[in-house]
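The chain contents come next:
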Amino acid sequence: MSNTSKALGYESVDAFMKECLREKPPEEVKKFYANWASNYDEDVKEVDYNGPKLFVKSFANLNIPRNVEIIDIAAGTGALGEKLNAMGYKYIDALDGTPEMLEVARRKNVYRNFFEFYLGCGDEPPIKDGTYDVVISAGAIGRGHIPYTAFYDIIKMVKQGGLICWITDLPEESAKETFKTVMADLTDNGKWKPLQDPIRHENFYRKEWAFFYVMQKS
């Protein structure tokens, strides 16, 4: 990680990770991950990022049939897809805004289709409404990545009765109201409902903790 952070112009690992989580425009996010793609899988081990591992721990308890159609939002290099594929899920597609990250994911042979698209920019996603049984995402919604308003697009991708599952740390103070507003708006307007209470996980990133959410499309 230290070699990667220095090569990309950051003085330390902490400075690198601070930039990773900083709120920034989509084009900056794409550039950041394009530069990181080739070393991403090794680097995240060094900073103890456990998002995909913690996700599948809770996801396994949902007992979702193995033949469901799944889309991995902000799939990155495919770490989450790999873990679900190992569990027996074979119908997984990948969506990510950075082609360099998707190229790494492609080489892992765990996804069927690939969509290069950055959610939350106001553009129409390249996904037909009601395509998937399950949407999954690990560590990609919030904090310098996909804005919470993207849930309005994400929910359209799911069939009625389908699930939206994600794990993320809590929003920063400046984003808490947006998170609460979007969650409440979709719930109050009958678009989705919680399938269970959020599950808290320790050691999501270093000693930070996160929640695993499951919402069901109404």
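In what follows, the structure referred to is the one given above.
Residues numbered from 1 in each chain as written. Predicted model: local features only at pLDDT ≥ 70, side-chain atom pairs only at ≥ 80, totals over all residues. Heavy atoms only, no water.

Participant: What exactly am I supposed to notice about the environment of A34 here?
Facilitator: Mapped onto the elements of the fold, A34 is located in helix α3 (residues 26-36). Under the relative-accessibility criterion, A34 is labelled partly exposed at 24%. Sequence-distant contacts of A34, defined by excluding residues within four places in its chain, comprise T98 and E100. (Helix = DSSP H or I, 4+ residues; strand = E, 2+ residues; numbered from the N terminus. Buried < 20%, exposed > 50% of the residue type's maximum accessible area, 1.4 Å probe, protein only. Contact = heavy atoms within 4.5 Å.)

Participant: Honestly, the side chain of N85 in this entry has me stumped. Any pointers?
Facilitator: Considering the arrangement of structural elements, one finds N85 in helix α6 (residues 79-86). Given the relative accessible area of 17%, N85 is considered buried. When sequence neighbours within four positions are dropped, the list of residues in contact with N85 reads K90, I92 and V110.

Participant: For this particular structure, what's the right way to read the packing of helix α5 (residues 51-59) against α6?
Facilitator: A pair of packed helices is captured by two measures, namely the crossing angle of their axes and the spacing between those axes. Running from amino to carboxyl end, α5 crosses α6 at an angle of 35 degrees, the nearest separation of the two axes being 9 Å. In this structure, the crossing between α5 and α6 has a hand that is right-handed. Along the contact surface, α5 presents P52, K53, F55, V56 and F59, while α6 presents A79, L80, K83 and L84. Residue composition of the contact of α5 with α6, grouped by class: 7 nonpolar, no polar and 2 charged. (Axes fitted to C-alpha atoms, helices over the stretch in contact; angles between N-to-C directions. Left-handed = near helix turned anticlockwise from the far one by under 90°. Nonpolar A, V, L, I, M, F, W, Y, C, P; charged D, E, K, R; others polar.)

Participant: Help me understand the pattern of salt bridges, please; the structure alone is not making it clear to me.
Facilitator: Side chains carrying opposite charge are able to pair once their charged atoms draw close together. Inspection of every chain in the model, using the stated rule, returns 8 salt bridges. Put simply, K108 and E82 hold a salt bridge, and the shortest N to O gap is 3.5 Å. One end of the pair, K108, is in the loop between α7 (99-106) and β3 (114-116); the other, E82, is in helix α6, with 26 residues separating them in the sequence. Looking at E82, the relative accessible area reads 36%, which means it is partly exposed. Notably, a salt bridge pairs R112 with D93, separated by 3.1 Å at the nearest N-O pair. Residue R112 is found in the loop between α7 and β3, and its partner D93 is found in strand β2 (residues 92-96); the two are separated by 19 residues along the sequence. A relative accessible area of 2% means that D93 is categorised as buried. (Salt bridge = Lys/Arg side-chain N within 4 Å of Asp/Glu carboxyl O.)

Participant: I keep staring at the side chain of D93 and nothing clicks. Help me out?
Facilitator: In terms of polar contacts, D93 uses its side chain to reach the backbone amide nitrogen of N113, at 3.1 Å. Among the polar contacts listed, one links the side chain of D93 to the side chain of Y132, at a separation of 2.6 Å. (Polar contact = N/O pair within 3.5 Å; in protein donor to acceptor, adjacent residues only side chain to side chain.)

Participant: What should I look at first to understand the environment of I71 in this one?
Facilitator: With respect to the helices and strands, the residue I71 is situated in strand β1 (residues 70-73). Residues I71 and I154, spaced 83 residues apart in sequence, show a C-alpha to C-alpha distance of 9.9 Å. Those residues in contact with I71, other than ones at most four positions away along the chain, are D93, L95, F115, I127, Y132, V134, V135, I136 and M157.

Remember that the coordinates give geometry; whether it matters functionally is a separate question.
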